[in-house]
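Residues per chain, in single letters:
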Amino acid sequence: MKKWHIHQADENIAKKIAQGSDLSYLCAQVLSARGIRDMQSASDFFQCEKLEDPFRMADMQDAVDCLNQAIADGTRICIYGDYDCDGVTSTVMLYSYLFEMGANVTYRIPEREEGYGLNPNAVQEMKDAGVELIVTVDNGITAIREAELIQSLGMRLLVTDHHQPLSELPEAEAVVDPHRLDETAAFRNLCGAGVVLKLIIAMEGGDDTIAMEQYGDLAAIATVADVVELAGENRWIVQQGLRLLANTERPGLLALMEKSGILGKPFSSTTIAFSLAPRINASGRFGSPLTAVKLLLCEDPEEAAELAEELDRRNQARKEEEAEILQQIAAQVQEHPELLQQRVLVFAGENWHHGVIGIAASRLQERFGKPTILVTIEEGTARGSMRSFGAFSAFRCLQACESVLLRYGGHPGAGGFSLPSDQVETFQEMVQSYARESFPVMPEFTLEADKLLLPEELTLENIASLSVLAPFGEGNSVPVFAVCHAVLQQLLPLSNGVHTKLRVTYGTMAMDLLLFRTRPEEVHLQPGDACDFLITAEVTSYQGNNRISAIVKDYRKSGTPQAKYLAAKNTYAQFCRQDPLRPAFYPAITPVREELIQIYQRIPLTGIAIDTLFFQLQAMPQMNYCKLRLALDVFSELGLIQQDVWLEQIVRLPVKSHVDLQSSKLLQGIQQKGAMLR
């Protein structure tokens, strides 16, 4: 169970917004819950109608002059991109535009094995191929040494990027990056393709007509895929790009849409995020990113179909590799359950695919609500990826461990690094030491809900009205609602049991909720339970009929005391880590014989989820989550139950003879420590 924060709208503000606009009252409540305080703020949220003059960006005029001169002189230009979706689309956009302008242009994207950004070998190879001007897209802002090498070899460099610069900028003909300290443009949160789009508009003298018609679709894909904030200019780019995507004539995109099963269906930012972007990204994760570039440049439908098929295969391989990594981690956890109780989850394995460990780390962070690091060990070198949240910065954590790292980088939410394989254990210890010293109380992973949605508010009209808030993405998430005291009627398997449909009654209405990536047997609820859910909802059409489709983000049994539960869960983690506990805690967490018997009798031979058992035991006086988990550990030690700590499920084992509970070493240790600290 994770922490929930259910926001409350300021009803006076919501009423003013609804009355002063054509927004529904539910939309106005969502905006109010997200910090919109007046009509002007609401208007600003919706009102970006065009892009700012690109020439307001630092060095933009120099970049345009440089490229125009290179085109006129026949200078050999190389567009140097990155292997992710943003880098691929940026490369395709600028290469296509310069090619159409008659430039002598080629492109290059490093393979993932080469690492991110410019590198000396690539620079030398471009020199040997006759390249005279290198134009970076989605990289280059930190390439200080590579810029010096380029200059020493008699080549020139033009940088376009959107990442944070160092204190020094690379020596170049122009450095176009909205995060430059001397930047004068008002909007700075563009992705790499957004910067390229502005460069193309500037090449067109500031007219965005051709740039948007030709490249707005690719810019929209990159903006969603790179998880930049969907506000201001990014919101406008995605809005326009979605319209273009719905009518695209690019053979590559049409083939990819058909292979993804989305061709001819309603198109949204979610479609990009879950259907197109993963397949484009898979090109650089499994194989070469050049496959995705070729697909987006392709003009032959048959060739496009073959390339789309290849990207789909790679995406499937990515899913299979991700599942294999998680399966191996599950095996580690079964052998060492204490790993899940660390402040930061850190797992290492042999030959995990380095293009997948970041995705797998995100999955684990979402599941267990802790910062997560995965490390793959390959031939003496280890590479890692980290995901974090809240005040616990991934970059700061890696910075604290820099003495054992060969390279590292990132930002508060994510980071990447490499280190010698013989330093992995030391690195793991340093991570936990940093977390312990810097965060005695770790940040809590929190799920946010925009409001409590009452049964009478759950109407087709209301849910349909939320579409005006789209496109959804980073900084403008799909509205999340709390549905409380719904009664579970039935659990139904979907997709051969991979997913679950929960049939519930909410007030007087019956509704179905979809729970993805969770099997019915893994759901910690039983028919008849009164439940609380966090859901997203949209109106979909099936056989000509509109209906509400609701997806579950999290759930719990109604009446669960959140603060008490989370505090006791944290206490259990502290106990497992052997952190010092307050003396007063021991009487509260030590299970006595009568409690042990009652808990044991509730565990069926067919198995039960730990949270389900906890919900059933809430009526017991003095029961808390920590006490329950310690009792289960006692039973495991004595061979009375089998625990699956990965799935958080337990099974009662057949017992042929009497077992003395007091013989448990764990129970004796808890009792002795409590007695010593009194």
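Please refer to the structure placed before this passage.
We now turn to the structure provided with this report.

## Some details on the overall build of the protein chain
Consideration 1: The helix and strand tally for the protein chain stands at 24 helices and 21 strands.
Consideration 2: Its C-alpha atoms give the protein chain a radius of gyration of 28 Å, near enough to 26 Å, the size a compact globule of 678 residues would have.
Consideration 3: Based on the C-alpha atoms only, the size of the protein chain along its principal axes is roughly 90 × 60 × 45 Å.
Consideration 4: Across the 678 residues of the protein chain, 53% fall into the buried class.
Consideration 5: Expressed as a percentage of contacts within the protein chain between residues at least 6 apart in sequence, the contacts between residues at least 24 apart total 65%.
Consideration 6: Summed over its atoms, the accessible surface of the protein chain is roughly 30,500 Å², and 48% of this surface lies on carbon and sulfur atoms.

## Notes on the packing of helix α9 (residues 209–225) against helix α10 (residues 232–246)
Consideration 1: Closest axis-to-axis distance for the α9/α10 pair is 7 Å, and the angle between their directions is 115°. Between α9 and α10 the crossing geometry is left-handed. The segment α9 lies against α10, with Met212, Glu213, Gly216, Asp217, Ala219, Ala220, Ile221, Thr223 and Val224 engaging Asn234, Trp236, Ile237, Val238, Gln240, Gly241, Leu242, Leu244 and Leu245.

## What about the layout of surface pockets?
Consideration 1: Its volume calculated, the second largest pocket comes out at about 560 Å³.
Consideration 2: In terms of lining residues, the second largest pocket is bounded by 18 residues, among which Ser96, Gln214, Arg250, Leu296 and Glu299 are the most central.
Consideration 3: Elements with a contribution of two residues or more to the lining of the second largest pocket: α5 (85–100), α9 and α13 (290–297).
Consideration 4: For the lining of the second largest pocket, a count of residues per class yields eight nonpolar, four polar and six charged.

## As for the side chain of aspartate 529
Consideration 1: Within the secondary structure, aspartate 529 sits in the loop between β16 (509–515) and β17 (530–542).
Consideration 2: At 2.8 Å, the side chain of aspartate 529 forms a polar contact with the backbone nitrogen of glutamine 526.
Consideration 3: Apart from residues no more than four positions distant in its own chain, aspartate 529 is found in contact with Ala486, Val487, Leu488 and Lys557.

## Quick word on the packing of aromatic side chains
The geometry of an aromatic ring pair is captured by two quantities: the separation of the ring centres and the angle between the planes.
Consideration 1: Considering all chains together, one arrives at 16 aromatic pairs under this definition.
Consideration 2: Plain terms: the ring middles of tyrosine 95 and tyrosine 107 are 5.0 Å apart, the flat faces sit at 80° to each other, and that makes the pair edge-to-face. In this pair, tyrosine 95 sits in helix α5 while tyrosine 107 sits in strand β3 (residues 104–108), placing the two residues twelve residues apart along the sequence.
Consideration 3: Owing to a relative accessible area of 23%, tyrosine 107 belongs among the partly exposed residues under this scheme.
Consideration 4: Three or more aromatic residues link up through ring pairs in this structure, and these residues are Tyr565, Phe614, Phe615 and Tyr625.
Consideration 5: A cation sits over an aromatic face here: arginine 367 above tryptophan 646, 4.5 Å from the ring centre.
Consideration 6: When the ring centre of tyrosine 600 is taken as reference, the NZ or CZ atom of arginine 652 above it lies at 4.4 Å.

## Examining the environment of serine 43
Consideration 1: With respect to the helices and strands, the residue serine 43 is situated in helix α3 (residues 39–46).
Consideration 2: Sequence separation between serine 43 and glutamine 61 is 18 residues, and the spatial gap between their C-alpha atoms is 32 Å.

## Examining the sheet that holds strand β19 (residues 608–609)
Consideration 1: The strand order across the open sheet formed by three strands is β19-β21-β20, and the pairing between neighbours is antiparallel. Only two strands of the sheet have a single partner each, and these edge strands are β19 and β20 (641–644).
Consideration 2: Sheet topology places β20 next to strand β21 (residues 649–652); four bridges connect them, and they run antiparallel. Its bridge partner lying in β21, isoleucine 641 is registered against arginine 652.

## Points about unusual backbone geometry
Consideration 1: In the segment running from alanine 470 into proline 471, the intervening peptide bond is cis, with an omega of 10°.
Consideration 2: Within the secondary structure layout, proline 471 lies in the loop between α18 (460–465) and β14 (481–494).
Consideration 3: The backbone of glutamine 578 shows a phi angle near 65°, a positive value even though the residue is not glycine.
Consideration 4: Counting through the fold element by element, glutamine 578 comes out in the loop between α19 (562–577) and α20 (585–589).

## Let's talk about a nonpolar patch on the surface
Consideration 1: Taken together, the side chains of Ile6, Leu452 and Leu454 define a hydrophobic patch exposed on the protein surface, amounting to about 210 Å² of accessible area.
Consideration 2: Relative to the assigned elements, isoleucine 6 resides in strand β1 (residues 3–6).

## Things to note about the environment of alanine 186
Consideration 1: Residue position: alanine 186 is located in the loop between β6 (174–176) and α8 (192–203).
Consideration 2: What makes alanine 186 exposed here is its relative accessible area of 63%.
Consideration 3: In the structure, alanine 186 is positioned 133 residues away from aspartate 53 in sequence and 9.9 Å away in space, judged by C-alpha atoms.
Consideration 4: Among all residues touching alanine 186, those that are not within four sequence positions of it are Glu52 and Arg56.

## Some points on helix α12 (residues 269–285)
Consideration 1: Here α12 is 17 residues long and its end C-alpha atoms lie 22 Å apart, about the 24 Å a rise of 1.5 Å per residue gives.
Consideration 2: Along α12, the sharpest kink reaches roughly 40°, centred on alanine 277 and followed within four residues by the proline proline 278.
Consideration 3: Among the 17 residues in α12, 14 count as buried, and that is most of the element.
Consideration 4: One or two positions beyond α12, positive phi appears at glycine 287, with a value near 105°.

## Brief notes about the pattern of salt bridges
Pairs can form between side chains of opposite charge once their charged atoms are near each other.
Consideration 1: Across all of its chains, the model carries 25 salt bridges by this definition.
Consideration 2: For glutamate 444, the salt bridge identified is with lysine 3, shortest N-O distance 3.3 Å. Taken together, the residues span a long stretch of sequence, with glutamate 444 in the loop between α17 (424–438) and β12 (446–449) and lysine 3 in strand β1 at a distance of 441 residues.

## Digging into the sheet that holds strand β4 (residues 133–136)
Consideration 1: Spatially, β3-β2-β4-β5-β6 is the arrangement adopted by the five strands of the open sheet, whose pairing is parallel. Edge positions in the open sheet fall to β3 and β6, since each of these has one partner strand only. Within this sheet the neighbouring strands show an average axis-to-axis angle of 20°, counted without direction.
Consideration 2: Direction of pairing for strand β2 (residues 76–80) relative to β4: parallel, over a ladder of four bridges. Bridging from a neighbouring strand, cysteine 78 pairs with isoleucine 134 of β4.

## Considerations on helix α7 (residues 144–152)
Think of an α-helix as 3.6 residues a turn; residues three or four steps apart then line up on the same face.
Consideration 1: Of the positions making up α7, those classed as buried are Ile144, Glu146, Ala147 and Ile150. The buried side chains of α7 occupy one side of the element, clustering within an arc of 165° when seen end-on. Exposed positions of α7 whose direction lies more than 90 degrees from the buried face are Arg145 and Ser152.
Consideration 2: On its buried face, α7 sits against α6 (120–128), β4 and β5 (156–160).
Consideration 3: Of the residues trailing α7, glycine 154 is marked for its positive phi of about 85°.

Thresholds applied
Counting restarts for each chain, with residues numbered from 1 along the sequence as it is written. Given that the model is predicted, a residue must reach a pLDDT of at least 70 before its local features are reported, and side-chain atom pairs must reach 80 or more before they are shown or counted; all residues, however, enter totals for whole chains, interfaces and linings. Remark: hydrogens and water are excluded; side-chain values derive from all non-hydrogen atoms of the structure. Secondary structure follows DSSP: runs of H or I at least 4 residues long count as helices, runs of E at least 2 residues long count as strands, and numbering of each begins at the N terminus. C-alpha atoms define the radius of gyration in this analysis, and the globule rule sets the expected value at 2.2 Å times the number of residues to the power 0.38. Partly exposed describes any residue whose relative accessible area lies between the buried limit of under 20% and the exposed limit of over 50%, with all areas from a 1.4 Å probe on protein chains only and scaled to the type maximum. Whether two residues touch is decided by their heavy atoms; if any such pair falls within 4.5 Å, the residues are in contact. Using the Shrake-Rupley algorithm and a 1.4 Å probe, accessible areas are obtained, with residue cover drawn only from the displayed protein chains. A fitted line through C-alpha atoms represents every axis, and for helices the fit uses only the stretch in contact; the resulting angles, taken between N-to-C directions, go from 0 to 180 degrees. Here a crossing is taken to be left-handed if its near helix is turned anticlockwise relative to the far helix by less than a right angle, and right-handed if that turn runs clockwise. With a 1 Å grid spanning the protein atoms alone, the term cavity applies to any set of points in which a 1.4 Å probe fits but cannot get out, the term pocket to an open set with protein on both sides within 12 Å along at least five of seven lines, and the term lining residue to any residue with an atom within 4 Å of a point. Grid points are joined across faces, edges and corners, and a volume is the space filled by probe spheres set on the points. Polar here means any residue other than Ala, Val, Leu, Ile, Met, Phe, Trp, Tyr, Cys and Pro, which are nonpolar, and Asp, Glu, Lys and Arg, which are charged; Gly is therefore polar. Residues adjacent in sequence count toward polar contacts only when both atoms are side-chain atoms; beyond that, a polar contact is any pair of N or O atoms within 3.5 Å, and within protein one must be able to donate a hydrogen and the other to accept it. Any two of the Phe, Tyr and Trp rings considered here, Trp counted by its six-membered ring, make a pair once their centres fall within 6.5 Å; the pair's planes then place it as stacked at under 30 degrees, edge-to-face at over 60, or tilted in between. Lysine and arginine charges are scored as sitting over a ring when NZ or CZ, respectively, is within 6 Å of the ring centre and within 35 degrees of the ring normal. Paired strands are those between which DSSP finds at least two bridges. Residues enter patches when they are more than 30% accessible in relative terms and free of salt bridges; like-charged ones are connected within 9 Å and nonpolar ones (Val, Leu, Ile, Met, Phe, Trp, Tyr) within 5 Å. Salt bridges are defined as contacts in which a side-chain nitrogen from Lys or Arg sits within 4 Å of a carboxyl oxygen from Asp or Glu. The length a helix should cover is 1.5 Å for every residue beyond the first. Bend at a given residue is defined as the angle between two axes, one fitted to the seven residues that end at that position and one fitted to the seven that begin there. In this description, one arc is meant: the one made by directions from the helix axis to the C-beta atoms.

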